[in-house]
Amino acid sequence: MSFVVSSGRLAVTGAGVTPGYAAMPLPVAPWEYETIWRTQPQVRTVIGFIARNVAQLGIHVFRRISDTDRERLTGHPLAQLLAEPLPKLTQYRFVERLVADLALYDDAYGIKLKLNGQLRILPVPPTLIRPAEGNWIGPKYYETPGGREFGPDEVVHIHGYDPQNLVCGSSPIESLRELLLESSESAKQRAAMWRGGARMTGVLKRPMDAPEWSRDEKRRFREMWRSFTSGGGAEGGTPILEDGMEYVPVAFNPEQAQYIEARKLTREEVSAAYFIPPPLIGILDHATYSNIKEQHAHLYQDTLGPWLVMLEQEIGAQILPDLPDNRDVYAEFNIASKLRGSFEEQAAAASTATGRPWMTVNETRARNNLPAVEDGDSLIVPMNVTEGGLASPRDTAPDSAEAVPKARGLPRLKSGRPSEIGTFIAERKALETSLTGFTERQADRLLAAAGAKDDSMPDLLELWAAGHDDRLAQLQALLADHGYRLAQVGGWEVLDTWNPEAENWSAEVMLAWVLAAAETHAEQHEEAGRKAVAAVQEEGGDGWREALQTAAAAWGTAAAARALTASTELRSFGSHDAAGASGLVKKIWRTGGKNPRASHKAQDGEAVSLDDVFSNGLRWPGDGKGRTEELVNCNCTLDYAKEG
């Protein structure tokens, strides 16, 4: 096949190509895409996952100065447009809608508007606009249900691949339509089953030698049997069969029908259609903390990478030409922040790359919200770098296999267990002592600052806020230090029994979670103190000093309770992480303490799969995602098993 380019009219030349073009009709049977999104949780989960992860990245605008240099543009018209595509429409919502439309329809539309002399973009649902006439290369115009027509230069149209034309995309939902239809029909069947009292359907067999029934006897038995079906009034009861009758089921029960497996399979198929690793959307059958961490990196490379490149190039091709001063300007998603390693990995790479320490003491303290210290603005260079002839201060570091863990240095025994890790009771007591002592010192400082004023009550909240940043940073460091040890205690309680060599397990994998938990507990403890001070401030009166002392004492008491709650959570998390790495599949709740709450006492011995939650909604004792009344002062523990 050959094309002849004549007068720029490629669209009307070539074998089988005609000027006419019929717009792609949206499929309407059995469902429209919008209905599928609203009714199919698997589709909504996957599309929402893609749209939200792309939208939260943020878009930066740059001008290319050279092959090795560029300049960030914050005041450029493109940066302003992307920051607020319409009045009161945020960049997040704009990108989320574009990506969701692309994922659902494989088409996304926006109409270019001029508001007060500034270019704006109005997102339009694909059901309200479509290309019309033209040819297989491009439409003549875009039409809307109201009869309004827009020229191609007035519309931003981003679409994927369609084998028949260059004008629109072909939704992935089409390839999933039959699978989703099957899932929907299964849901209807389940609903019907529950409406019928969750009974299996079947037939009644009556022996051939049974006495013949009269018409009245048949009617009596039929009415009795109907009373046990839906709406009969005796649902859930036990019918009495007569004359040796036998009930024979003729349908699958819920276990045989494998409803859970079918729903999981549907979600896996939908995630595969969008190239998403199953663990990232909640399918945790083969997930571990290690491979989830790796898949998180793959998310922004293999899964979302093509989406980001497409959107960046479409912005450059369809939006940037309408703006002034666009030479060498381009937009780029801020993906670098997501692909960076952990803080330790970044610090090690920077140190190796520069050949010497690269931050001053005060720069490090500023990152941790701590005040500057005297003589802290100069670099401290190790002697081995200046005199030993080494290229990097890391050259004398031990091998990774022999390196001490993060937080406190803990030498490791041959079996792998750090020799200085104490028992749970000892480590919990150490955290309680440290946190209570810290709290009492901070309370004393507040009392001293308030007492330094005259007899009138000072602004207590202002005094509190003055030390907020420093307190919070120290709290996080304290909780992370003890928390890492407690998580290892929980881990080794499982490993000592099931996996003494700690195969497939590393304590360092838990560090990110421990740091996040420390941050949460620090913020909650700080907020508890602030609320106590705020209550004194609001009450006022001549007795404010005594009230402040009472509030300080109550904050110290709360520190002891928080230490117990945090210790239980960290121990449970550590054991759960080690259990997953050791191939254990069941976890069993063991109620502890002298006076356990009723809900915990009732579920003593309850067993669930490792990735499931217990009947009180917790993944483990002290689970920070649970309700507060289920967590405080909890002394429960977990046991594990290899088989269900």
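Source: prediction; values computed, not measured.

Enquirer: Is there a simple way to think about a nonpolar patch on the surface in this case?
Expert: Residues Val361, Val373 and Ile380 make up a contiguous nonpolar surface patch of about 240 Å² in total accessible area. Among the secondary structure elements, Val373 is positioned in the loop between helix H13 (361–367) and helix H14 (383–386). For Val373, a relative accessible area of 34% corresponds to the partly exposed category.

Enquirer: What is the right way to look at the packing of aromatic side chains in this model?
Expert: In this description, an aromatic ring pair is defined by two values, namely the gap between the centres and the angle between the planes. Under the criterion given, the structure shown has twelve aromatic pairs. Ring geometry for Tyr33 against Tyr105: centres 5.8 Å apart, planes inclined by 70°, an arrangement best described as edge-to-face. With a gap of 72 residues between them, Tyr33 in helix H1 (residues 33–39) and Tyr105 in helix H4 (residues 91–105) connect regions that are remote in the sequence. Of the two residues, Tyr33 and Tyr105, both sit in the buried class. Members of the aromatic cluster, connected to one another through ring pairs, are Trp213, Phe221, Trp225 and Tyr247. Over the ring of Phe62 we find Arg70, and its NZ or CZ is 3.7 Å from the ring centre. We note Arg471 situated over the ring of Trp464; from NZ or CZ to the ring centre the distance is 3.8 Å.

Enquirer: So what exactly am I meant to see when it comes to unusual backbone geometry here?
Expert: Not every positive phi belongs to a glycine, and Glu133 is a case in point at roughly 50°. When you line up the elements, Glu133 lands in the loop between strand E5 (130–132) and strand E6 (141–143).

Enquirer: Even after reading the chapter, I still don't get the sheet that holds strand E12 (residues 586–590), so can you show me in this structure?
Expert: Strand pairing in a sheet relies on backbone hydrogen bonds, with the paired strands running either antiparallel or parallel. Strands sit in the order E13-E12-E14 across an open sheet of three strands; the sheet is antiparallel. Both edges of this open sheet fall to strand E13 (607–609) and strand E14 (637–641), since each of them pairs with a single strand only. When the angles between neighbouring strand axes are averaged without regard to direction, this sheet yields 30°. Note: E12 against E13, three bridges, orientation antiparallel. Of the residues in E13, the one forming a bridge with Ile588 is Ala607. With respect to the sheet, helix H19 (residues 544–581) is in contact with E12 and E14, its orientation differing from that of E14 by roughly 10°.

Enquirer: How should the state of the cysteines be read in this particular structure?
Expert: Joining two cysteines, a disulfide is a covalent bond between their sulfur atoms. In total, this model carries zero disulfides according to the counting rule given. Cys634 takes part in no disulfide bond, and the closest cysteine sulfur, belonging to Cys636, lies 3.8 Å away.

Enquirer: Mind showing me how you'd approach the confidence of the model for the chain here?
Expert: Predicted coordinates in areas of low pLDDT are best not read in detail. Chain-level statistics for the chain give a pLDDT mean of 78 and a share of 75% at 70 or above. Per-element confidence in the chain ranges from a low mean pLDDT of 50 for helix H7 (residues 254–257) to a high of 94 for strand E8 (residues 155–159). For residues 1–31, every residue scores under 50 in pLDDT, and the model assigns this stretch 52 contacts once sequence neighbours within four places are set aside. For the stretch residues 396–415, pLDDT sits under 50, and the model shows 36 contacts to residues farther than four places along the chain or on other chains.

Enquirer: Help me out: how do you make sense of the environment of Arg72 in this one?
Expert: With respect to the secondary-structure elements, Arg72 resides in strand E2 (residues 69–72). Exposure remark for Arg72: the relative accessible area of 44% places this residue in the partly exposed category. When neighbours within four sequence positions are excluded, Arg72 is seen to be in contact with His60, Val61 and Phe62. Side-chain polar atoms of Arg72 contact the side chain of His60, separated by 3.4 Å.

Enquirer: It is not clear to me how the side chain of Glu569 should be interpreted in this structure. Could you clarify?
Expert: Of note, Glu569 is situated in helix H19. Buried and unpaired, Glu569 has no salt bridge, with Arg619 as the nearest side chain of opposite charge at 6.0 Å. With sequence-adjacent residues up to four places away left out, Glu569 is seen in contact with Trp513, His521, Trp620, Pro621, Gly622, Asp623 and Gly624.

Enquirer: Whenever I open this one, the nonpolar core confuses me. Can you help?
Expert: A general tendency of soluble globular proteins is for nonpolar side chains to be buried together. If you look at the biggest cluster of nonpolar residues, it comprises 53 residues, and the most contacted ones within it are Ile50, Val54, Leu78, Tyr274 and Ile319. The residues contacting Tyr274, other than those within four sequence positions of it, are Val46, Ile47, Ile50, Ala103, Leu104, Pro172, Ile173 and Thr303. With 46 residues, the next largest nonpolar core counts Ile421, Leu435, Leu475 and Trp620 among its residues.

Rules and cut-offs
- Residues numbered from 1 in each chain as written.
- Predicted model: local features only at pLDDT ≥ 70, side-chain atom pairs only at ≥ 80, totals over all residues.
- Heavy atoms only, no water.
- Patch = residues over 30% accessible without salt bridge, like charges linked within 9 Å, V, L, I, M, F, W, Y side chains within 5 Å.
- Areas by Shrake-Rupley, 256 points an atom, 1.4 Å probe, with all protein chains shown as cover.
- Salt bridge = Lys/Arg side-chain N within 4 Å of Asp/Glu carboxyl O.
- Helix = DSSP H or I, 4+ residues; strand = E, 2+ residues; numbered from the N terminus.
- Buried < 20%, exposed > 50% of the residue type's maximum accessible area, 1.4 Å probe, protein only.
- Phe/Tyr/Trp six-rings, centres within 6.5 Å; stacked < 30°, edge-to-face > 60°.
- Lys NZ or Arg CZ within 6 Å of the ring centre and 35° of its normal.
- Pairing = 2+ DSSP bridges.
- Axes fitted to C-alpha atoms, helices over the stretch in contact; angles between N-to-C directions.
- Contact = heavy atoms within 4.5 Å.
- Disulfide = S-S within 2.5 Å.
- pLDDT = per-residue confidence, 0-100.
- Polar contact = N/O pair within 3.5 Å; in protein donor to acceptor, adjacent residues only side chain to side chain.
- Lys, Arg positive; Asp, Glu negative; His and termini not counted.
- Core = buried A, V, L, I, M, F, W, Y, C linked by side-chain atoms within 4.5 Å.

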